[in-house]
Amino acid sequence: MERSWSGVSILQRIDTWMKGISALAVIFAGLLLVVIALAMSSDVVGRALFNKPLSGLTEFVELAMVPLVFLAFSWSARRDAHIQVDLLTQFVRGRSLTILLSAGRILSTIILLWLAYISFSATFESYLSNEVHYNLKTLTYWPFRLSLAIGFMLFGLEVLLREIKSHVRSSAIINSPD
């Protein structure tokens, strides 16, 4: 039996928190997309009217693609919106399919959290060394590396949460009084 705090299970609380954090991450990514679009539009207008591009915009957009993509992964995982290839699962049914999907989620979680760990380490090193873009010395790398680490971590946690929820659901079906 699941423990609960005032009628709400721990798993439901974790799920609610992850939903909120994933929503914040995807909102930030969406706002960043708007900033990129406005900046690129301004650059086009500046080039056309004044023959002056925005200095460093290309470099910023290159780096801004990292948080734009990786911060949205966890929300995509939550909504089950990722591309799925059924190359192996189309030939498997029943309990074998459940085991295969579970193994895939567990392996994915391990890989994603390992990538998050590596990315957090790279962020820390980048911050300590004050690593900057080779062409634009005022643009530091560490915030973009941090967004990569956060994206991997949130994605890994969403996959792990989905795995836990699938086990809770299957045990509830097995233990149902019917």
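Model, not experiment: these values are computed from the prediction.

Conventions adopted
- Residues numbered from 1 in each chain as written.
- Predicted model: local features only at pLDDT ≥ 70, side-chain atom pairs only at ≥ 80, totals over all residues.
- Heavy atoms only, no water.
- Phe/Tyr/Trp six-rings, centres within 6.5 Å; stacked < 30°, edge-to-face > 60°.
- Buried < 20%, exposed > 50% of the residue type's maximum accessible area, 1.4 Å probe, protein only.
- Helix = DSSP H or I, 4+ residues; strand = E, 2+ residues; numbered from the N terminus.
- Lys NZ or Arg CZ within 6 Å of the ring centre and 35° of its normal.
- Patch = residues over 30% accessible without salt bridge, like charges linked within 9 Å, V, L, I, M, F, W, Y side chains within 5 Å.
- Areas by Shrake-Rupley, 256 points an atom, 1.4 Å probe, with all protein chains shown as cover.
- Salt bridge = Lys/Arg side-chain N within 4 Å of Asp/Glu carboxyl O.
- pLDDT = per-residue confidence, 0-100.
- Axes fitted to C-alpha atoms, helices over the stretch in contact; angles between N-to-C directions.
- Parallel < 35°, antiparallel > 145°, perpendicular 65-115°, else oblique.
- Left-handed = near helix turned anticlockwise from the far one by under 90°.
- Contact = heavy atoms within 4.5 Å.

**Q** Is there a simple way to think about the packing of aromatic side chains in this case?
**A** To describe a pair of aromatic rings, one takes the distance between the centres and the angle between the planes. A complete count under the given rule lists five aromatic pairs for this structure. Both rings, one in Phe70 and one in Phe73, keep their centres 5.1 Å apart while their planes meet at 70°; by these two values the pair is edge-to-face. According to the relative accessible area criterion, Phe73 is partly exposed, its value standing at 23%. With a centroid separation of 5.2 Å and an interplanar angle of 65°, the aromatic rings of Phe70 and Phe152 are classed as edge-to-face. Of this pair, Phe70 sits in helix 2 (residues 57–70) while Phe152 is found in helix 5 (residues 142–174), placing the two residues 82 residues apart along the sequence. Each member of the pair, Phe70 as well as Phe152, carries the same accessibility label: buried. An aromatic cluster of three or more residues is present, and its members are Phe70, Phe73, Phe152 and Phe155. The ring centre of Tyr141 lies 5.5 Å from the NZ or CZ of Arg145, which sits over that ring.

**Q** Just to check I follow, could you spell out a nonpolar patch on the surface for this structure?
**A** Together, Ile83, Val85, Leu87, Leu88 and Leu100 make up a nonpolar patch on the protein surface, roughly 570 Å² of accessible area in all. Relative to the assigned elements, Leu100 resides in helix 4 (residues 94–129).

**Q** Got a minute to help me understand the confidence of the model for the chain in this structure?
**A** One rule of thumb: low pLDDT means the predicted coordinates there are not for detailed reading. Predicted confidence across the chain gives a mean pLDDT of 87, with 90% of residues reaching 70 or more. The weakest mean pLDDT in the chain belongs to strand 1 (residues 4–5) at 52; the strongest belongs to helix 4 at 94.

**Q** Sorry, what's going on with unusual backbone geometry here?
**A** Within the chain, Asp80 stands out as a residue other than glycine whose phi angle is a positive 55°. Following the sequence through the fold, Asp80 ends up in the loop between helix 3 (73–78) and helix 4. Of the residues examined, Asp80 reaches a relative accessible area of 41% and is grouped as partly exposed. Positive phi, normally seen in glycine, also occurs at Asn130, with a value near 55°. You can see Asn130 is positioned in the loop between helix 4 and helix 5.

**Q** Sorry, what's going on with the packing of helix 1 (residues 10–50) against helix 2 here?
**A** Packed helices, taken two at a time, are described by the angle between their axes plus the distance between the axes. Their axes nearest at 10 Å, the elements helix 1 and helix 2 cross at an angle of 160°. As judged from the angle between their axes, helix 1 and helix 2 are roughly antiparallel. Crossing of helix 1 against helix 2: the hand is left-handed. Packed against helix 1, whose contacting residues are Ala29, Leu32, Leu33, Ile36, Ala39, Met40 and Asp43, the element helix 2 presents Leu57, Phe60, Val61, Ala64, Met65, Pro67 and Leu68 at the interface.

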